[in-house]
Amino acid sequence: MRIAGHYAELWPAAAGRPSGSIRDFTGDEREPDADRITHYLSNGSVIYEIMGVRPDLFEPTKTIIGSSVTTDGVWVWRDGLAYYFRKYHVRLEPEFLAHIRSQDYQVPPVPIDRMTELADRLDEFL
């Protein structure tokens, strides 16, 4: 299991060493295929559902809904990652971007046994 968008603000310390602060990964440039990447991020299979409202990390007067964890069977990410990628052009790991593109921007079906395995691993640190 690989964590995409492993920023300190999105994951608990128990998830391991983060890549850094999400603020360090923002930029003005969008990926040329940003809309397709956002679609991918928005369509992962939910493996850990957390309801609630959280403040936008960049504009605290705004809120985003939920804090679920989704997957494509290889990578896991917070559902808010699509929001931050779209709105603030947060850079994603090059390996993750290559993986998304290799899937032709379509999240593959994740077998139930893999979903269970990932959920069990997430239970260790969420």
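For the structure, check the block above.
Small disclaimer: the values here were computed from a predicted structure and weren't measured.

Visitor: Describe the sheet that holds strand β1 (residues 2-3), and please don't skip the residues or the numbers.
Guide: Judged by pairing direction, the sheet is mixed, and its four strands sit side by side in the order β1-β6-β5-β2 without closing on themselves. The open sheet terminates on both sides in strands that have one partner only, identified here as β1 and β2 (45-48). Here strand β5 (residues 69-71) pairs with strand β6 (residues 75-78) via three bridges, running antiparallel. Across the sheet, residue Thr 70 finds its bridge partner in β6, namely Trp 77.

Visitor: Any details on the pattern of salt bridges? Residues and values, ideally.
Guide: Applying the stated criterion to the full structure yields eight salt bridges. Salt bridges linked by common partners bring Glu 31, Asp 33 and Arg 101 together as one network.

Visitor: Which residues make up the environment of Gly 80, and what values go with them?
Guide: You can see Gly 80 is positioned in helix α2 (residues 80-88). On the accessibility criterion, Gly 80 (13% relative accessible area) is buried. C-alpha of Gly 80 to C-alpha of Gly 5: the two residues are 75 residues apart in sequence and 9.8 Å apart in space.

Visitor: Now, about the nonpolar core: what can you tell me, with residues and values included?
Guide: In this structure, Trp 11, Ile 37, Leu 41, Trp 77, Tyr 84, Leu 92 and Phe 96 are the most contacted members of the largest nonpolar core, which totals 35 residues. Breaking this core down by element, the ones donating at least two residues are α1 (34-42), β6, α2, α3 (94-102) and α4 (112-123). The element that contributes the greatest number of residues to this core is α2, accounting for six residues.

What counts, and at which threshold
- Residues numbered from 1 in each chain as written.
- Predicted model: local features only at pLDDT ≥ 70, side-chain atom pairs only at ≥ 80, totals over all residues.
- Heavy atoms only, no water.
- Pairing = 2+ DSSP bridges.
- Helix = DSSP H or I, 4+ residues; strand = E, 2+ residues; numbered from the N terminus.
- Salt bridge = Lys/Arg side-chain N within 4 Å of Asp/Glu carboxyl O.
- Buried < 20%, exposed > 50% of the residue type's maximum accessible area, 1.4 Å probe, protein only.
- Core = buried A, V, L, I, M, F, W, Y, C linked by side-chain atoms within 4.5 Å.

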